[in-house]
Amino acid sequence: MRSKLIAGNWKMNKTIGEALDLVKALHDGVLESANVGVVVSPPYTAINKVAEFLKDSFIQVSAQDLFWEDAGAFTGAISAPIIKDAGAKYCIIGHSEKRQFFNETDDTVNKKIKAALAHGIIPIFCIGETLEQRESDQVEAVIKKQFFGGLQDIKPNDMARIVIAYEPVWAIGTGKTATPEQAEEVHAMIRDMLIKEFGLEIANGVKILYGGSVKAENTQELLSKPNIDGALVGGASLKAQDFIGIINNAKLLF
Ligand code: PGA
């Protein structure tokens, strides 16, 4: 079994003080394990303080987005070099909320993935269908379009540095989790696309996370599926005890 990765996506939550309280509690409450990696994604303003606090810890820090240019007249934007300097090792790219509220497209996702890779940041590349798309039988078409659009011109060596997150939009923040079977079906399809595009060895090393109402109670059944390599966790990553419960349940699989 591949090692698992549990990534918390804090979204637009946490002041610097609140962010530090949360990572202190995680730092005290989670023991390092070779089998389960842990990532937290504070808002931009807290990245540096959180990364400094975690500098000797196995818990790593992610940003929630970046802009593809390195620097320049792009008011309000934050680049890969800037998040890297602040201490981020990962960056969530193409989250459905960015696609829905901030005009993110497969093309902008592709540019952002390339910018992250160029600066040694690991992209957490998000894809997933809406409820309407699922109900009209478009899951495969949507996932394929987002996968190939986001990964256009990505070389196998670079693919080996990308994490994919499958997040069905209808399961995000709704309390409605995909069943382990529904999730595994899409994860297996993504693994197949990876094999065809990048070869078996690279494909087998890529982590495919599931996201959408993950909590401690459903962690084990989801993560015991062969192609589910971890979780991208929103709501349940905001409270230390909830997030620790997810991490501990992932550890029990080994
Ligand atoms: P959720 O969010 O766990 O609150 O459903 C997941 C995500 O958006 O990454």
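Residues numbered from 1 in each chain as written. Predicted model: local features only at pLDDT ≥ 70, side-chain atom pairs only at ≥ 80, totals over all residues. Heavy atoms only, no water.

(A) Examining the sheet that holds strand β7 (residues 208-211) more closely. Taking strand neighbours around the barrel as the criterion, the eight strands line up as β1-β2-β3-β4-β5-β6-β7-β8 in a closed arrangement whose pairing is parallel. Mean inter-strand twist for the sheet, computed between neighbouring axes without regard to direction, equals 25 degrees. In this sheet, strand β5 (residues 122-127) lies alongside strand β4 (residues 90-93) in parallel orientation, the contact comprising four bridges. Bridge pairing links tyrosine 90 to isoleucine 122 in β5. (Pairing = 2+ DSSP bridges. Helix = DSSP H or I, 4+ residues; strand = E, 2+ residues; numbered from the N terminus. Axes fitted to C-alpha atoms, helices over the stretch in contact; angles between N-to-C directions.)

(B) Structural view of helix α7 (residues 139-150). Here α7 spans 16 Å end to end across twelve residues, near enough to the 16 Å set by a 1.5 Å rise per residue. Inspection of α7 places Val139, Val142, Ile143, Gln146, Phe147, Gly149 and Gly150 among the buried residues, and these make up the whole buried set. Looking at the buried residues of α7, the elements they touch are α4 (96-101), α5 (106-118), β5, α6 (131-135), β6 (163-166) and α9 (180-198). (Expected span 1.5 Å × (residues − 1). Buried < 20%, exposed > 50% of the residue type's maximum accessible area, 1.4 Å probe, protein only. Contact = heavy atoms within 4.5 Å.)

(C) Broad picture of the environment of aspartate 107. Assignment of secondary structure puts aspartate 107 in helix α5. What makes aspartate 107 partly exposed here is its relative accessible area of 44%.

(D) Structural view of the packing of aromatic side chains. Inspection of every chain in the model, using the stated rule, returns four aromatic pairs. Summarising the aromatic geometry, the rings of phenylalanine 67 and phenylalanine 74 are spaced 5.0 Å apart at their centres and angled 45 degrees between planes, so their arrangement reads as tilted. Just above the ring of phenylalanine 102 sits the side chain of lysine 98; from NZ or CZ to the centre is 4.3 Å. The ring centre of tryptophan 68 lies 4.9 Å from the NZ or CZ of lysine 111, which sits over that ring. (Phe/Tyr/Trp six-rings, centres within 6.5 Å; stacked < 30°, edge-to-face > 60°. Lys NZ or Arg CZ within 6 Å of the ring centre and 35° of its normal.)

(E) Representation of the nonpolar core within the structure. Formed by 73 residues in total, the largest nonpolar core has its most connected members in Ile6, Val40, Met159, Ile164, Ile190 and Leu194. Of the residues forming this core, the biggest block, seven residues, is contributed by α9. Once residues within four sequence positions are removed from consideration, leucine 194 is found in contact with Phe147, Met159, Ile164, Gly199, Ala203, Val206 and Ile208. By size, the runner-up hydrophobic cluster in this structure holds eleven residues, among which are Val39, Tyr90, Leu209 and Leu232. (Core = buried A, V, L, I, M, F, W, Y, C linked by side-chain atoms within 4.5 Å.)

(F) Looking closely at the site of the ligand. Not every one of the 13 residues close to the ligand is listed here, only the nearest: Lys11, His95, Glu167, Gly173 and Ser213. At a separation of 2.8 Å, an oxygen atom of the ligand approaches a polar backbone atom of glycine 234. Glycine 235 has a polar backbone atom sitting 2.8 Å from an oxygen atom of the ligand. Counted by class, the shell around the ligand contains four nonpolar, seven polar and two charged residues. (Near = heavy atom within 4 Å. Polar contact = N/O pair within 3.5 Å; in protein donor to acceptor, adjacent residues only side chain to side chain. Nonpolar A, V, L, I, M, F, W, Y, C, P; charged D, E, K, R; others polar.)

(G) Region of the structure containing the pattern of salt bridges. Inspection of the entire model under this criterion finds 14 salt bridges. Residue aspartate 153 is joined to lysine 114 by a salt bridge in which the shortest nitrogen-to-oxygen separation is 3.7 Å. With aspartate 153 in the loop between α7 and α8 (156-159) and lysine 114 in helix α5, this pair connects stretches of sequence that are 39 residues apart. Take lysine 114: its relative accessible area is 32%, and that puts it in the partly exposed class. The residue arginine 134 makes a salt bridge to glutamate 129 at a minimum N-O spacing of 2.8 Å. (Salt bridge = Lys/Arg side-chain N within 4 Å of Asp/Glu carboxyl O.)

(H) Structural context of the side chain of serine 213. Along the polypeptide, serine 213 turns up in the loop between β7 and α11 (216-223). A polar contact is formed between the side chain of serine 213 and the backbone oxygen of alanine 171, at a distance of 2.7 Å. Ignoring any residue separated from it by four or fewer positions in sequence, one finds serine 213 in contact with Ala171, Gly173, Thr174, Gly175, Lys176, Thr177 and Asn218.

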